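Each chain is listed here by its residues.
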Amino acid sequence: MSNLAPANDIAPGAQSVAALHALVMQSLDDDQAQETISIPLEGKSSIADYMVIASGRSSRQVAAIAQHLAERIKKETGRSARVEGLPVADWVLIDAGDVIVHLFKPEVRSFYNLERMWGFVDAPVAGNA
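Residues numbered from 1 in each chain as written. Predicted model: local features only at pLDDT ≥ 70, side-chain atom pairs only at ≥ 80, totals over all residues. Heavy atoms only, no water.

**Looking at the packing of aromatic side chains**
On inspection of all chains with the given rule, the structure shows 3 aromatic pairs. Aromatic pair W91 and F104: ring centres 4.8 Å apart, planes at 35°, arrangement tilted. Here W91, found in strand β4 (residues 91–95), pairs with F104, found in strand β5 (residues 99–104); they are 13 residues apart in sequence, far enough to count as distant. Overall, W91 belongs to the partly exposed group, its relative accessible area being 29%. Between W91 and Y112, the ring centres sit 4.7 Å apart and the planes meet at 50°, which makes this aromatic pair tilted. Of this pair, W91 sits in strand β4 while Y112 is found in helix α3 (residues 106–112), placing the two residues 21 residues apart along the sequence. The class for Y112 is partly exposed, based on a relative accessible area of 42%. Following the ring pairs from residue to residue traces out a cluster consisting of W91, F104, F111 and Y112. (Phe/Tyr/Trp six-rings, centres within 6.5 Å; stacked < 30°, edge-to-face > 60°. Helix = DSSP H or I, 4+ residues; strand = E, 2+ residues; numbered from the N terminus. Buried < 20%, exposed > 50% of the residue type's maximum accessible area, 1.4 Å probe, protein only.)

What follows is the structure in structure tokens.
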């Protein structure tokens, strides 16, 4: 369970997940991530409630977005997000528990095409927008 304290007793788990998801989406927007999509996983997988996929223009931007997001999650929620892939930053995974974020360089995103794997085939493929 998250460290976010709900204001009332109405679905505290759902409130904390929604707040974390909103935080992630806002941070990605603030850092100018490209082609950001959010895939709801509830009922499809037990790994998380949301998978967010976004692109950065370069490895340097991908790394900066990932580091900023991890810092913001820690500051706002008290959670330490696990981050993998920073040294190369072609594909960085940020696991914040209920929300998993994949940040890619466009060509790596096109190659792995996670949107299709998770049945989100209507999503624009990076580099084809």
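**Some points on the side chain of S38**
As for its position among the elements, S38 is in strand β1 (residues 34–40). What makes S38 buried here is its relative accessible area of 17%. Polar contacts involving the side chain of S38 include one to the side chain of H21, which spans 2.6 Å. (Polar contact = N/O pair within 3.5 Å; in protein donor to acceptor, adjacent residues only side chain to side chain.)

**Remarks on the sheet that holds β4**
Here 5 strands make up an open sheet; going across it, the order is β1-β2-β5-β4-β3 and the pairing mixed. The sheet terminates laterally at β1 and β3 (82–84), the two strands that pair on one side only. Strand-to-strand twist in this sheet, taken as the mean axis angle between neighbours without regard to direction, amounts to 15°. Relative to strand β2 (residues 50–55), β1 is paired through 5 bridges, and the arrangement is antiparallel. Each residue of the ladder has a partner; that of Q34, found in β2, is S55. (Pairing = 2+ DSSP bridges. Axes fitted to C-alpha atoms, helices over the stretch in contact; angles between N-to-C directions.)

**Things to note about the pairing of β2**
Across the 6 residues that make up β2, a large majority, 5, are buried. The sheet contact formed by β2 and β5 spans 6 bridges and is parallel. In the sheet register, M51 faces β5, and the bridge partner there is I100.

**Let's talk about the confidence of the model for the protein chain**
On average, the protein chain scores 85 in pLDDT, and the residues at 70 or more come to 81%. Note on residues 1–11: pLDDT under 50 across the span, and 17 contacts to partners over four residues away in sequence or across chains. A low-confidence stretch, residues 123–129 (pLDDT under 50), is modelled with 16 contacts involving residues beyond four sequence positions or located in other chains. (pLDDT = per-residue confidence, 0-100. Contact = heavy atoms within 4.5 Å.)

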